[in-house]
Number of protein chains: 2
Amino acid sequence: MILEKKKVFLQFATKRGLRSTRQRDLILDVFLSSHEHLSVEELYLKVKASHPGVGQATVYRTLKLFVEAGLAREMTLSDGQTRYEHLLAGEHHDHLICTGCGTIVEFEDETIERVQDEIAVRHGYTISSHRLELYGLCPACKGHQR
Amino acid sequence: MILEKKKVFLQFATKRGLRSTRQRDLILDVFLSSHEHLSVEELYLKVKASHPGVGQATVYRTLKLFVEAGLAREMTLSDGQTRYEHLLAGEHHDHLICTGCGTIVEFEDETIERVQDEIAVRHGYTISSHRLELYGLCPACKGHQR
DNA sequence: TTTACTGTTGATAGTCATTTTCAAAGGATC
DNA sequence: GATCCTTTGAAAATGACTATCAACAGTAAA
Ligand SMILES: [Mn+2]
Ligand SMILES: [Mn+2]
Ligand SMILES: [Zn+2]
Ligand SMILES: [Zn+2]
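Keep in mind that this is a model prediction, so the values were computed, not measured.

Draft legend 1. Molecular detail of the overall build of chain A. Looking only at helices and strands, chain A features six helices and six strands. Walking chain A from its N terminus toward its C terminus, one meets helices and strands in the order α-α-β-α-α-β-β-β-β-α-β-α. Taken along the three principal axes of its C-alpha coordinates, chain A extends 45 × 45 × 25 Å. Residue burial in chain A is summarised as follows: out of 146 residues, 42% are buried. Sequence-distant contacts in chain A: of pairs separated by 6 or more residues, those separated by 24 or more amount to 52%. Carbon and sulfur atoms provide 51% of the accessible area of chain A, an area that totals close to 8,300 Å². Between the centroid of the 19 positive side chains of chain A and the centroid of its 20 negative side chains there is a distance of 7 Å.

Draft legend 2. Broad picture of the pairing of strand S4 (residues 94-98) of chain B. Residues and elements named next belong to chain B. In terms of residue burial, S4 counts as a mostly covered element, since five of its five residues are buried. Judged by which residues are buried, S4 turns out to be covered on both faces: Asp-94, Leu-96 and Cys-98 on one side and His-95 and Ile-97 on the other are all buried. Two elements, S4 and strand S5 (residues 104-107), share four bridges in a ladder whose sense is antiparallel. Bridging across to S5, Leu-96 finds its partner in Val-105. Adjacent in sequence and paired antiparallel, S4 and S5 are bridged by five residues, among which Gly-102 carries a positive phi angle near 85 degrees.

Draft legend 3. View of the protein's contact with DNA strand D. The local shell around DNA strand D holds 21 residues, among which Thr-21, Arg-24, Thr-58 and Arg-61 of chain A together with Thr-82 of chain B are the closest. In this structure, Thr-21 of chain A approaches DNA strand D through a side-chain N or O atom, which is 2.7 Å from a phosphate oxygen. Separating a phosphate oxygen of DNA strand D from a side-chain N or O atom of Thr-82 of chain B is a distance of 2.5 Å. At the level of elements, helix H2 (22-33) and helix H4 (56-69) of chain A together with helix H4 (56-69) of chain B are the ones that each hand at least two residues to the surface near DNA strand D. Residue contributions to the surface near DNA strand D peak at four residues, all from H4 of chain B. Each residue belonging to the surface near DNA strand D can be placed in one class, and the counts come to five nonpolar, nine polar and seven charged.

Draft legend 4. Broad picture of the coordination of the manganese ion (ligand 2). Residue and element names in this part refer to chain B. The protein atoms that coordinate the manganese ion (ligand 2) are His-37 (NE2), Glu-85 (OE), His-93 (NE2), His-95 (NE2) and Glu-106 (OE), at distances spanning 1.9 to 2.2 Å. Along the chain, the residues donating to the manganese ion (ligand 2) are arranged with the sequence spacing H-x47-E-x7-H-x1-H-x10-E. With relative accessibility at 4%, the residue His-95 sits in the buried group.

Draft legend 5. Spatial organisation of the coordination of the zinc ion (ligand 4). Residues and elements named next belong to chain B. Taken together, Cys-98 (SG), Cys-101 (SG), Cys-138 (SG) and Cys-141 (SG) make up the protein donors of the zinc ion (ligand 4), found 2.2 to 2.4 Å from the metal. Considering all four donor atoms around the zinc ion (ligand 4), angles at the metal cover 105 to 115 degrees and the coordination shape is tetrahedral. All donors to the zinc ion (ligand 4) come from one chain, and their sequence spacing reads C-x2-C-x36-C-x2-C. Here Cys-101, found in the loop between S4 and S5, pairs with Cys-141, found in helix H6 (residues 139-145); they are 40 residues apart in sequence, far enough to count as distant. By relative accessible area, which is 45% here, Cys-101 ends up partly exposed.

Definitions and limits used
Residues numbered from 1 in each chain as written. Chains lettered and ligands numbered in written order. Predicted model: local features only at pLDDT ≥ 70, side-chain atom pairs only at ≥ 80, totals over all residues. Heavy atoms only, no water. Helix = DSSP H or I, 4+ residues; strand = E, 2+ residues; numbered from the N terminus. Buried < 20%, exposed > 50% of the residue type's maximum accessible area, 1.4 Å probe, protein only. Contact = heavy atoms within 4.5 Å. Areas by Shrake-Rupley, 256 points an atom, 1.4 Å probe, with all protein chains shown as cover. Lys, Arg positive; Asp, Glu negative; His and termini not counted. Charge placed at Lys NZ, Arg CZ, Asp CG, Glu CD. Pairing = 2+ DSSP bridges. Near = heavy atom within 4 Å. Polar contact = N/O pair within 3.5 Å; in protein donor to acceptor, adjacent residues only side chain to side chain. Nonpolar A, V, L, I, M, F, W, Y, C, P; charged D, E, K, R; others polar. Donors = N, O, S within 2.8 Å, 3.2 Å for Na, K, Ca; no water. Tetrahedral: all angles 85-135°; square planar, octahedral: opposite > 155°, others 65-115°.

Written out as structure tokens, the structure reads:
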């Protein structure tokens, strides 16, 4: 899985004529070793922990490359920070997000996907992507509240 | 329709002990006279066109009041600007957005809403809100492209 | 009305995430 | 190794939004 994504990036880098650098290899390793939905700042801190010299701008730049390479997706929740998650081109899922603790559950639902297409067709649109986020309290947070 | 929303704001203002000001009346008029999904900047420009003295900060502040009053909804697309649209408390709709020209179609679908609830229940979550955006090309833009 | 109180406004400074700039560093090819 | 040109990191710049604060303006009592 991780190796597959490394290969995807390598192929992308080759096709684009990108040079191989320590920084990009490192950032890719850190990114692939985490399965959360990390903000740039969070990723930068993880990177800096082992390699203090790496600059924040490089992390910003490199994450954008991962998206272009087709191994990551950029997502914006309502906290004003851009987050990145693993996602190979062609894969897809939506999010169920706890407003209490931030826990994210990923899901896919073919009924919803199908109805979305029907709606688009009805209006003459051709859908290229979509975004569905459900916000609410997770079981744990529901307990705390009362 | 417009009168109803003005009344909603008036009641909110009364309940909250807000003073009646020229600026808020004006911004409310401009907001209600447009049925688009306007950014704060766009609204500010419309306001400034007839009343150049009004400050940007006042527009920001007033739009937040409209949301609190229950007659507007704040929305964030991917362009990094907050937009506001008409929405009375209790109403709801989702968006179909053209990536070519920005045209927005509003829709509601009870099947999707129902399945969303099922998904939430399955994971033990209690949903408080959601956000669904479909991105693609509208009929007009599909024509242009080819 | 005036007065006195206090909410509101607009200009400006501040914040925060992200982007740009640019000189120095470092891959790649010969 | 020499050359070329991409990449990097620090710092400045940007852009949306928020906080600050003195001047202003509703409001309600006098
Ligand atoms: Mn995810
Ligand atoms: Mn809408
Ligand atoms: Zn939770
Ligand atoms: Zn279009």
